[in-house]
Amino acid sequence: SSLSISPTTALQSPLQIFVRAKKRINDIYGEVELYIADSCKFLLSLPKDSDLITKDELVVVDSHGEKVKGIREVLSRDHMKVAFFGRTSNGKSTVINSMLRERILPSGIGHTTNCFIQVGGSENGESYLISEDSTDKKNVNSVSQLAHSLCTGSLGDSALVRVYWPTDKCPLLRDDVVLVDSPGIDVSPNLDSWIDRHCLDADVFVLVANSESTLMLTEKNFFFKVSSRLSKPNVFVLNNRWDASASEPEFLEEVRRQHLLRTVDFLVDELKVCATRSEAEQRVFFVSAKEVLQARINEFKGLPINSRLNLNQLWDTVSPKIIDILAGMIADGFHGRYFEFQDFERKFEECISKSAVRTKFDQHTKRGKAIVGDTRNVMEVLLERASVKRTTKCQSRREVLDHLDFTEKQLQLVTVEMKDKICKMVEEVEHKVSKAL
Ligand code: GTP
Ligand code: MG
């Protein structure tokens, strides 16, 4: 049977929940920014002696303009963050590489990763890194270069190096996911500072366990610490190196049952991050990161990866060395493990995008509401004051008119009286004159 491993298209990906929500909230903040700017312009245009607005009120609206700018900046940097933890050599870096479909992070036997490495999308198509002790961008084009840059730094194991990688091959990076790799939790005494510095803003945690052994106390204790600081963190458990089970098929089912039982106990009863056993079962996967990575790299190169049949057909075209590599990769049960890894990715994408929308945009929404509310209050108070002023002005105008009316009437009366008096006087004078004649 053939196996389709084409990447989920952007439209189907549950990560789009976050991507779309981010665009929407950014558009809304664009409108809020215009509204605040308009209000500010209007308030500043009011006559200085009008008493319509206080200095404090003006400051409130003006400072909101700055706040909105700040929020839009934070928003443009908001992303979904997933952090990977586990003991040394369990395959944390390999899991991340397989999710990214490319060998980006250095991996290997022994203690490889010696500080925190965050991989995110690069906005200009270049690959570079920025370490915590400087603001310089260091260009990196290959894993060996990256490994070299990481080794030469004198950073402690809690330090963070940010790797920016082109998004063309990695749908996760294109959709705003950043993946954080960590050193083995068994090699550091600094677990508290790890949590302070790298875990508090993570949306999802992936515990990369080793299915060849069992969940260890160091791994459990680390997650106890994490869950005491965060309420109900989202935890996935990958039982990695499950390809090893292929060599012992007779114990496979039993081992799987035992691992599942213990991991579910851990998530439900001990860590209490899952409410039911069936919910916890959806968070536990048996995978082989190494196989998935190799398959995806082959697929990218256009090599068939999926069946022995295809390998046989390859004899004429591909060198025996490559055939060997491919054959080595396809241990029994490869398809099942591959599908399980895809299943993990799907559930992980759903979980992380929903959780990030809730935690990140909820805060922005609340702050946005407060900003718009405050500005509206100032404008309402202004409207109120203006209408009071208008009423009092109207009142005094009416009083003046009444007064004028009254005066006019008085004048009329006076004029009539005067007229009478003058008439009388004229009559009297006429009378006197006629008598004298
Ligand atoms: P540190 O960085 O040292 O903490 O280790 P890590 O957890 O990042 O492990 P890494 O990814 O470096 O893998 C360690 C070794 O295990 C490498 O040689 C990998 O190729 C190998 N490996 C990783 N995943 C698997 C797997 O699923 N199956 C097998 N067989 N080997 C694996
Ligand atoms: Mg590593």
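Scroll up for the structure.
Residues numbered from 1 in each chain as written. Chains lettered and ligands numbered in written order. Predicted model: local features only at pLDDT ≥ 70, side-chain atom pairs only at ≥ 80, totals over all residues. Heavy atoms only, no water.

(A) View of the overall build of the protein. A count of helices and strands for the protein gives 13 helices and 9 strands. The buried share among the 437 residues of the protein stands at 42%. Excluding contacts between residues fewer than 6 apart, the proportion of contacts in the protein whose partners are at least 24 apart in sequence is 80%. Taken as a whole, the protein presents about 24,600 Å² of accessible surface, with 55% of it coming from carbon and sulfur. (Helix = DSSP H or I, 4+ residues; strand = E, 2+ residues; numbered from the N terminus. Buried < 20%, exposed > 50% of the residue type's maximum accessible area, 1.4 Å probe, protein only. Contact = heavy atoms within 4.5 Å. Areas by Shrake-Rupley, 256 points an atom, 1.4 Å probe, with all protein chains shown as cover.)

(B) A look at the nonpolar core. Formed by 60 residues in total, the largest nonpolar core has its most connected members in Val82, Phe84, Met99, Leu179, Val206 and Phe348. The dominant element in this core, judged by the number of residues it contributes, is helix α13 (residues 334–436), at 12 residues. For Leu179, the contacting residues outside a window of four places in its chain are Val82, Phe84, Ile96, Met99, Leu100, Ile117, Gln118, Val119, Leu172 and Leu173. Counting residues in each nonpolar core, the second largest holds 32 residues, with Ala202, Trp242, Phe266 and Val273 among its members. (Core = buried A, V, L, I, M, F, W, Y, C linked by side-chain atoms within 4.5 Å.)

(C) View of the packing of helix α10 (residues 289–301) against α13. Their axes nearest at 10 Å, the elements α10 and α13 cross at an angle of 90 degrees. Regarding the angle of α10 to α13, the classification is roughly perpendicular. Here α10 contributes Glu291, Val292, Ala295 and Arg296 to the contact with α13, which in turn contributes Phe334, Arg337, Tyr338, Phe341, Gln342 and Glu345. Residues of the contact of α10 with α13, tallied by class, amount to 5 nonpolar, 1 polar and 4 charged. (Axes fitted to C-alpha atoms, helices over the stretch in contact; angles between N-to-C directions. Parallel < 35°, antiparallel > 145°, perpendicular 65-115°, else oblique. Nonpolar A, V, L, I, M, F, W, Y, C, P; charged D, E, K, R; others polar.)

(D) Summary view of a nonpolar patch on the surface. A contiguous nonpolar patch, built from Val414, Met418, Ile422 and Val426 and spanning about 350 Å² of accessible area, is present on the exposed surface. Summarising the element assignment, Val414 is placed in helix α13. We classify Val414 as partly exposed; its relative accessible area is 44%. (Patch = residues over 30% accessible without salt bridge, like charges linked within 9 Å, V, L, I, M, F, W, Y side chains within 5 Å. Salt bridge = Lys/Arg side-chain N within 4 Å of Asp/Glu carboxyl O.)

(E) Representation of the coordination of the magnesium ion (ligand 2). Protein-derived coordination of the magnesium ion (ligand 2) comes from Ser93 (OG) and Thr113 (OG1), at a distance range of 2.0 to 2.1 Å. With Ser93 in helix α3 (residues 92–100) and Thr113 in the loop between α3 and β2 (116–121), the pair connects residues that are 20 residues apart, well separated along the chain. Side by side, Ser93 and Thr113 carry an identical accessibility label, which is buried. (Donors = N, O, S within 2.8 Å, 3.2 Å for Na, K, Ca; no water.)

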